[in-house]
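Listed below are the residues making up each chain.
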Amino acid sequence: MTLTRRRSTTSVRHRPALWMWLLVAIGALALVSVASVALGAREVGLRTVVQAFLDPTPAADVTVIREMRLPRTLLGIAVGAALALGGALLQGVARNPLADTGVMGINSGAAAAVAISVLAIGYSPAGTQVWYAFAGAAVATVFVYSVASVGREGATPVKLALAGAAVTALCASVTSAIVLSDPDALDQLRMWQVGSLGGRNFSVFNQLVPYFLAGTVAALFTGRALNMLSLGDDLARSFGLRVPSTRALVFTIVTVLCGAATAACGPIVFVGLMIPHLARVITGPDYRWILAFSLVLGPILLLICDILGRVVAPSGEIPVGVVVGIIGAPVFVALVRYRQVVKV
Amino acid sequence: MAGILLAVSLLAACGTDGGSEGGGDGWSYVSGDGERYTAEEVPTSIIAHAYAAKVLMEFGITPVGSYADAPITEDVGLQGVDFGGIEILGEEWGVIDVEKAAELEPDLIVGDWWPAEDAYSGLEAGVEDESRRIGELAPVVGASQGDSIVDLIEGYASLAESLGADTEVIDEQRSEFEAAVEEFEAATAAKPGLTALAVSPYDADYYVAVPQYAPELLDFQSWGLAVIDPDSPDEDFPYWETVSMENADKYQPDVLLFDDRNYPGNMDSLDAQPIADEIAAYVAGAHTTWPAYWLHTYPDYTEQLERLTAFILEADENIGTE
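Reading the values: the criteria
- Residues numbered from 1 in each chain as written.
- Chains lettered and ligands numbered in written order.
- Predicted model: local features only at pLDDT ≥ 70, side-chain atom pairs only at ≥ 80, totals over all residues.
- Heavy atoms only, no water.
- Phe/Tyr/Trp six-rings, centres within 6.5 Å; stacked < 30°, edge-to-face > 60°.
- Helix = DSSP H or I, 4+ residues; strand = E, 2+ residues; numbered from the N terminus.
- Buried < 20%, exposed > 50% of the residue type's maximum accessible area, 1.4 Å probe, protein only.
- Pairing = 2+ DSSP bridges.
- Patch = residues over 30% accessible without salt bridge, like charges linked within 9 Å, V, L, I, M, F, W, Y side chains within 5 Å.
- Areas by Shrake-Rupley, 256 points an atom, 1.4 Å probe, with all protein chains shown as cover.
- Salt bridge = Lys/Arg side-chain N within 4 Å of Asp/Glu carboxyl O.
- Lys, Arg positive; Asp, Glu negative; His and termini not counted.
- Charge placed at Lys NZ, Arg CZ, Asp CG, Glu CD.
- Axes fitted to C-alpha atoms, helices over the stretch in contact; angles between N-to-C directions.
- Parallel < 35°, antiparallel > 145°, perpendicular 65-115°, else oblique.
- Contact = heavy atoms within 4.5 Å.
- Nonpolar A, V, L, I, M, F, W, Y, C, P; charged D, E, K, R; others polar.
- Left-handed = near helix turned anticlockwise from the far one by under 90°.
- Expected span 1.5 Å × (residues − 1).
- Bend = angle between axes of the 7 residues up to and from the residue.
- pLDDT = per-residue confidence, 0-100.
- Buried area = accessible area lost by both parts, 1.4 Å probe.
- Polar contact = N/O pair within 3.5 Å; in protein donor to acceptor, adjacent residues only side chain to side chain.

Draft legend 1. Structural view of the packing of aromatic side chains. Residue and element names in this part refer to chain B. All told, the structure shown has 26 aromatic pairs over all chains when counted by the stated rule. Plain terms: the ring middles of W114 and Y293 are 6.4 Å apart, the flat faces sit at 50 degrees to each other, and that makes the pair tilted. Highlighted residues: W114 in strand β8 (residues 113-114) and Y293 in the loop between β16 (287-290) and α10 (298-314), separated in sequence by 179 residues. For W114, a relative accessible area of 12% puts it in the buried group. Ring geometry for W223 versus Y301: centroids 5.8 Å apart, planes at 45 degrees, classification tilted. With W223 in the loop between α7 (215-222) and β13 (226-227) and Y301 in helix α10, this pair connects stretches of sequence that are 78 residues apart.

Structure follows, in structure tokens:
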């Protein structure tokens, strides 16, 4: 019997246990997805829901289930996954446990672009608005990264945080200026800025699904690189990792994922911030597992909040951005207090 | 109905009887909130809400200042109105430049009385605190957005008269209006089963108007058009019932009436939703606009009634199931 056989460190989890937890999470996601299709402002029996997929006869209930709740659920899964993955990537590359799309300028860039589009062109339908938001998010992220990269050390976490804060402030000012002077822009932005899955159907989903898919697949492959980066730039470089180009690549993936998510539903905060930490509680510091769990936990959170928003309000719906904030804050506080998780 | 119109015409024809007194010995007016307002002298420096300004200008009274709910050039209810020479104090609901208003030294503020909110235009609950101070500059009066637009218009005619205007012009406007009402009533009588629903889809919600708080819809109901009363108006803002888009097929009228203030944007919002295919009236193209909360003059009302009468004559009363 060799003495070196058994190693026990508190941060390495046994792989079979993690696979099991991942399956449990996937099962939970399936359950929540079914709930998302079955529940809502309109009361539809479970039998009708099942029949809508197996043997659909044209009826109002079937339209609501197949063409309103189904795309909404799919979009919720895509956006939840994109935001959670994006948050994990950002936290890894920025080595900042508070990294989130809000901090890096993505949300404010998208909002500014939407405001400018209303000022310049006027009202545009959701299908076109999506592209403006995407462009705004992309421009803001590129700007943040470029500003942070100035100098010999490149985009260090501190410089990224500062650049992100500066760009967020700039975009927020531009948005405020436009919104205060143009009532139409205020009207459009007011609804968009809360972050909502309501009213989005297949047209929005279909337009953005290529970006979600590409971004998710690419993100899942960055696990190893993020593990190396988390050891520090010098150590990562000694492993043969090309730090600047890796960071740039990760940032691009974040832009695609979070830009698409913000374009689809408006800015939703907290998901990108909280889910990676939640995943880390289960998985430990290995980014490959953190990404896998973020991919599943993000949609679970978003769908649960969306369902609550649909059934709790006596009339109309509460936007998912609001519910995530209400639920997310205490959960995050509990997480921080009872676990030593704020170590990236 | 004819009796009410007759009574109203007699009232106006008699002039100083009833709600207002003008002339050399002070000023008095029974406003929409039921109170009598008096002053030692007839007010001359008037600030009016844009729609009230429009109706006062019909009688030759030009306010010194006005505040609107939306950019004046885009407002459905202010098309063709010349605000030249009038100080514009705001073009957004709830935002009034009170400092500029104070510089005009007004002695009367005029705006609609809204019974549901227990307030005059410009002083409602959602108005900014700073803007609401306009109520401190001078007494606020106006006709009531109560049970009928006819009462509203006659109320403003009364006010104009108390301020010294000659309201003769209203007599001819009134007779044209009454003729239009007769045509409208004939059209609705020919289609007794016709039901209508007044809506304003906005973003991801479907808002159904509550006729009880929309005087023009109450008028339509009294003239034979069955405008549907939604069964659960929102508690805190009873002008509408908020219906989720998932339930937008809750009411199935024969015709849809879209709020004309944000048309066709609101129709496009509905069109983008799959549930639109489940609303029979929408699928059949049986929809038009309704003049929402902005009618203040007989010529406007006559024009709208003539348009709606033509629409009703073409309508099919068998589309919906209400």
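Draft legend 2. Examining the sheet that holds strand β6 (residues 87-91) of chain B more closely. Residues and elements named next belong to chain B. Taken in spatial order, the 5 strands make up an open sheet running β6-β5-β4-β7-β10, and their pairing is parallel. Two strands lie at the open edges of the sheet, namely β6 and β10 (140-141), each paired on one side alone. In terms of strand pairing, strand β5 (residues 65-68) meets β6 through 4 bridges, oriented parallel. What sits directly across from Y67, in β6, is G90.

Draft legend 3. Molecular detail of a negative patch on the surface. All names here are of chain B. The grouping of E172, E176, E182, E183, E303 and E306 at the surface amounts to a negative patch. Of all the elements in the fold, those that place two or more residues in the negative patch are α6 (169-190) and α10. Element by element, the count of residues in the negative patch is highest for α6, at 4 residues. Along the chain, E172 turns up in helix α6.

Draft legend 4. Representation of the packing of helix α5 (residues 149-162) of chain B against α6(B) within the structure. All names here are of chain B. Taken N-terminus to C-terminus, the directions of α5 and α6 make an angle of 170 degrees; their axes are 12 Å apart at the nearest point. Relative to α6, the element α5 is oriented roughly antiparallel. The residues of α6 that touch α5, namely those facing V150, I153, E154 and A157, are I170, R174 and F177. Along the lines of polarity and charge, the residues of the contact of α5 with α6 split into 5 nonpolar, no polar and 2 charged.

Draft legend 5. Structural detail: the pairing of strand β11 (residues 195-202) of chain B. Residue and element names in this part refer to chain B. Among the 8 residues in β11, 7 count as buried, and that is most of the element. Both β11 and β13 contribute to a ladder of 2 bridges, which runs parallel. Of the residues in β13, the one forming a bridge with T195 is A226. Judged from the 4 bridges that link them, β11 and strand β15 (residues 255-259) form a sheet pairing that is parallel. The residue bridging L197 from the neighbouring strand is L256, located in β15. Where β11 and strand β12 (residues 205-209) come together, 4 bridges link them in antiparallel fashion. The residue bridging P201 from the neighbouring strand is Y206, located in β12. Adjacent in sequence and paired antiparallel, β11 and β12 are bridged by 2 residues, among which D203 carries a positive phi angle near 55 degrees.

Draft legend 6. Highlighting the packing of α6(B) against α10(B). Residue and element names in this part refer to chain B. Relative orientation of the contacting elements α6 and α10 amounts to 15 degrees, with a least axis distance of 9 Å. When the axes of α6 and α10 are compared, the pair comes out roughly parallel. Every pair of crossing elements has a handedness; the one defined by α6 and α10 is left-handed. Along its contact with α6, which presents I170, Q173, R174, E176, F177, A180, V181, E183, F184, A187 and T188, the element α10 presents Y298, P299, Y301, T302, L305, E306, L308, T309, I312 and L313. Class assignment of the residues belonging to the contact of α6 with α10 gives a composition of 13 nonpolar, 4 polar and 4 charged.

Draft legend 7. Quick look at helix α3 (residues 60-94) of chain A. Residue and element names in this part refer to chain A. If you check α3, its first and last C-alpha atoms are 48 Å apart, about what 35 residues at 1.5 Å a residue would give, namely 51 Å. At R69, α3 shows its maximal kink, close to 30 degrees; a proline, P71, follows between one and four residues later. The buried fraction of α3 is high, at 29 of 35 residues. Just downstream of α3, R95 is the residue with a positive phi angle, here 50 degrees.

Draft legend 8. Up close: a nonpolar patch on the surface. Together, A:L39, A:I304, A:L308, A:V311 and A:V312 make up a nonpolar patch on the protein surface, roughly 380 Å² of accessible area in all. On the basis of relative accessible area, A:L39 is assigned to the partly exposed category, the value being 38%.

Draft legend 9. Representation of α7(B) in the model. Of all the residues in α7(B), the buried ones are B:P215, B:E216, B:L217, B:D219 and B:F220. Of the residues trailing α7(B), B:G224 is marked for its positive phi of about 105 degrees.

Draft legend 10. Quick look at the confidence of the model for chain B. Residues and elements named next belong to chain B. Scored by pLDDT, chain B has a mean of 89; 92% of the residues are at 70 or more. Within chain B, the lowest mean pLDDT, 51, falls on strand β1 (residues 20-21), and the highest, 96, falls on α7. Across residues 12-18, confidence stays below pLDDT 50; counting only partners more than four residues off in sequence or on other chains, it has 5 contacts.

Draft legend 11. Representation of the interface of chain B and chain A in the model. Tallying the contact residues gives 19 residues for chain B and 24 residues for chain A. At the boundary of chain B with chain A, total buried surface from both sides reaches about 1700 Å², with 49% on carbon and sulfur atoms. Interface area lost by chain B to chain A is led by B:Y202, B:E246 and B:P274, which between them contribute 34%. Remark: the boundary between chain B and chain A carries 2 salt bridges. A:R42 is the partner of B:D249 in a salt bridge, and the nearest nitrogen-oxygen pair spans 2.7 Å. Counting every contact that joins chain B to chain A gives 10 residue pairs in polar contact (both at pLDDT 80 or more).

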